[in-house]
Amino acid sequence: MIPETSVSRTGQPLRALVLTGGGARGAYQVGVLKAIAELLPEDAPLPFRIVCGTSAGAIIGSILAANAVRFRDGLAILEGFWSHLRVDRVWRNDPLAVVGAVLRWLAAFCTGGSLVHSPHSLFDNGPLRGTLESHVNFTRVLQALGQGDIEALAVTAASYQGGGSRTYYMVSGGDSSRRSSWVGGVPIDLLTIDHLMASAAVPFLFPPVHLADGYFGDGAIHQVEPLAPAIHLGADRILVVGVQAAPNVESVSSDAARIEPSFGQIFGFMLHSLFLSTLRRDMERLERENRLIRAAGQGAGSSRPVYAMLIEPSVDPSVVAARHAPNMPFSVRLLMRTLGAANRGGRLLLSYLIFDRAYARDLIALGYADAMRQRQALQSFLSNEE
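Structure report, in brief. (Residues numbered from 1 in each chain as written. Predicted model: local features only at pLDDT ≥ 70, side-chain atom pairs only at ≥ 80, totals over all residues. Heavy atoms only, no water.)

1. Overview of helix 5 (residues 126–133)
All buried positions along helix 5 are accounted for by Leu128, Thr131 and Leu132. Seen along its axis, helix 5 keeps its buried residues to an arc of 95°; they face one direction. (Buried < 20%, exposed > 50% of the residue type's maximum accessible area, 1.4 Å probe, protein only. Helix = DSSP H or I, 4+ residues; strand = E, 2+ residues; numbered from the N terminus. Arc of directions from axis to C-beta.)

Printed below as a string of structure tokens:
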């Protein structure tokens, strides 16, 4: 059931922002946030008291939380971050690194791992750590919590040892006593870049990250209830920004149905399934619980209804990615062709991996347009009315 809400220091509804994972598709979320900023005064603080993120969403959420005192400042950093992001700022893509990775896999296969240890991942994402260190400041997040600019920041990663997901969270005043019954919730004094690297460690592509309690990978793995962190942290209203196209949106792969899927296309489908969390199912579950709570009436226990709003792409990001595939570095394009991800069926994989400024700008524009189409609903969400 939905737990009892905590009390906001402002006395206003506790709004939460939930940002799902999706690799390069995360730029779409920046566009949605850009539209929200235009609905608020220029000097407005972050309108979300609770910020929860997974994978790329965890990176975006952490930058927002560090700049919570002035929403548009954080948004400007985010827009610059995504608009100028290149593949070489995420993983090593020089020919030597790409060819070396392929040769290590081949050597490990041919020797059964006796002479060359099996690689932990296809790519070396060391550059991502440097990129994050120059953009994310968790000390400022701690200050924002202490000043009451936000109530909580949560980052979700998946445990390779115990299975299931863990959500590491910082709360204002460090008081986590009311969340002690939250299974999978781990209160922490200060999040680190390691937590972000773990949350964004896509299986097979990037190596697992060691945290205090084991090795972790992308937070979308086994994330059965993506709304749970926001609910447990006391949210009254939750805005969810996904990066998967709505179910009725035509996919780029629909015209490739008669082509036998390549390895790259199958791997892209696996990634898509990974990031296609049980979000819609979780929202349906939440609405069922809300109906039960309303039917029981006020004062029936400590449960309370929680309103959730979802914004997701009106155009399949794979369609957008297809236009920008030639912008990938030559070594990456060569690898994608080798994997069979260069045809139309393989665009699904590319849509998660094209860290290209033009692709990001198109997704930002799409997110902005989609959010503006829901302008009235967003204004209602941001109001203090019931």
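2. Quick notes on a nonpolar patch on the surface
Taken together, the side chains of Phe204, Ile266, Phe269 and Met270 define a hydrophobic patch exposed on the protein surface, amounting to about 440 Å² of accessible area. With respect to the helices and strands, Ile266 occurs in helix 9 (residues 263–275). Given a relative accessible area of 41%, Ile266 falls into the partly exposed group. (Patch = residues over 30% accessible without salt bridge, like charges linked within 9 Å, V, L, I, M, F, W, Y side chains within 5 Å. Areas by Shrake-Rupley, 256 points an atom, 1.4 Å probe, with all protein chains shown as cover. Salt bridge = Lys/Arg side-chain N within 4 Å of Asp/Glu carboxyl O.)

3. A short note on empty space enclosed by the protein
For the structure on display, the rule yields three cavities of 30 Å³ or more. Size it by volume and the largest cavity reaches roughly 190 Å³. If you go around the largest cavity, you meet 19 residues; those closest to its centre are Gly23, Ala56, Val90, Ala200 and Phe355. Put simply, the parts of the chain that give the lining of the largest cavity at least two residues each are helix 2 (56–66), helix 3 (71–83), helix 9 and helix 13 (347–353). Considered class by class, the residues forming the lining of the largest cavity number 16 nonpolar, two polar and one charged. (1 Å grid on protein atoms, 1.4 Å probe; cavity = no way out; pocket = protein on both sides within 12 Å on 5 of 7 lines; lining within 4 Å. Points joined across faces, edges and corners; volume = space filled by probe spheres on them. Nonpolar A, V, L, I, M, F, W, Y, C, P; charged D, E, K, R; others polar.)

4. A few points about the nonpolar core
Leu33, Ile36, Trp82, Trp91, Val141, Leu196 and Leu239 are the most contacted members of the largest nonpolar core, which totals 91 residues. The residues touching Leu196, leaving out its near neighbours within four places in the chain, are Ala58, Ile59, Ser62, Leu132, Val136, Phe138 and Val155. Ranked by size, the runner-up nonpolar core spans 22 residues in total, among them Val18, Ala235, Met283 and Leu310. (Core = buried A, V, L, I, M, F, W, Y, C linked by side-chain atoms within 4.5 Å. Contact = heavy atoms within 4.5 Å.)

5. With respect to the pattern of salt bridges
Within this structure, the stated rule accounts for 13 salt bridges. Connected via shared salt-bridge partners are Glu225, Asp282, Arg285 and Glu289.

6. Regarding the packing of helix 2 against helix 3
Viewed as axis vectors pointing N to C, helix 2 and helix 3 meet at an angle of 140°, and their least axial separation amounts to 8 Å. The angle between helix 2 and helix 3 places the two elements in the oblique class. Between helix 2, through Ala56, Ile59, Ile60, Ile63 and Leu64, and helix 3, the contact on the second element is made entirely by Phe71, Gly74, Ile77, Leu78, Phe81 and Trp82. Across the contact of helix 2 with helix 3, the residue classes break down as ten nonpolar, one polar and no charged. (Axes fitted to C-alpha atoms, helices over the stretch in contact; angles between N-to-C directions. Parallel < 35°, antiparallel > 145°, perpendicular 65-115°, else oblique.)

7. Regarding the packing of aromatic side chains
Two descriptors summarise a pair of aromatic rings, namely the distance from one centre to the other and the angle between the planes of the rings. Counting across every chain of the model gives nine aromatic pairs. Here Phe81 and Trp82 contribute two aromatic rings whose centre-to-centre distance is 5.6 Å and whose plane-to-plane angle is 80°, an arrangement assigned as edge-to-face. Both residues of the pair, Phe81 and Trp82, belong to the buried class. Relative to Trp182, the ring of Tyr169 has its centre 4.9 Å away and its plane inclined at 25°; by these criteria the two rings are stacked. With Tyr169 in strand 4 (residues 165–171) and Trp182 in the loop between strand 4 and strand 5 (185–187), the pair connects residues that are 13 residues apart, well separated along the chain. By relative accessible area, Tyr169 is classed as buried at 1%. For Trp182, a relative accessible area of 6% translates into the label buried. Site record: aromatic cluster; members linked through ring pairs are Trp91, Phe123, Phe206 and Phe355. (Phe/Tyr/Trp six-rings, centres within 6.5 Å; stacked < 30°, edge-to-face > 60°.)

8. A look at the side chain of Arg25
Structurally, Arg25 can be placed in the loop between strand 1 (15–19) and helix 1 (27–38). Taking the relative accessible area as the measure of exposure, Arg25 reaches 0% and is therefore buried. Within polar-contact distance, the side chain of Arg25 engages the backbone oxygen of Val243 at 3.1 Å. Reaching out from Arg25, the side chain makes a polar contact with the side chain of Ser318 at a distance of 3.2 Å. Residue contacts for Arg25: discarding those within four places in its chain leaves Val243, Gln244, His272, Asp316, Pro317, Ser318, Leu348, Ser351, Tyr352, Tyr359 and Leu363. (Polar contact = N/O pair within 3.5 Å; in protein donor to acceptor, adjacent residues only side chain to side chain.)

9. Some points on unusual backbone geometry
Positive phi outside glycine occurs at Ser55, with the angle close to 55°. Looking at where Ser55 falls in the secondary structure, it is placed in the loop between strand 2 (50–54) and helix 2. The buried category is assigned to Ser55, whose relative accessible area is 3%. Positive phi, normally seen in glycine, also occurs at Phe204, with a value near 75°. Positionally, Phe204 belongs in the loop between helix 7 (193–199) and strand 6 (209–211). Judged by its relative accessible area of 55%, Phe204 falls in the exposed class.

10. Overview of the environment of Ser383
Along the chain, the position of Ser383 falls in the segment after helix 15 (375–382). Counting along the chain gives 371 residues from Ser383 to Gln12, while the straight-line C-alpha distance between them is 9.3 Å. At 2.7 Å, the side chain of Ser383 forms a polar contact with the backbone oxygen of Ser380.

11. Some thoughts on the pairing of strand 3 (residues 152–159)
Taken across its eight residues, strand 3 has eight buried, putting it largely inside the fold. Of the two faces of strand 3, the one carrying Ala152, Ala154, Thr156 and Ala158 and the one carrying Leu153, Val155, Ala157 and Ser159 are both buried. Bridge analysis of strand 2 against strand 3 gives five bridges, and the strand direction is parallel. Its bridge partner being in strand 3, Ile50 is matched across the sheet by Ala152. Pairing of strand 3 with strand 4, which is carried by seven bridges, proceeds in the antiparallel orientation. (Pairing = 2+ DSSP bridges.)

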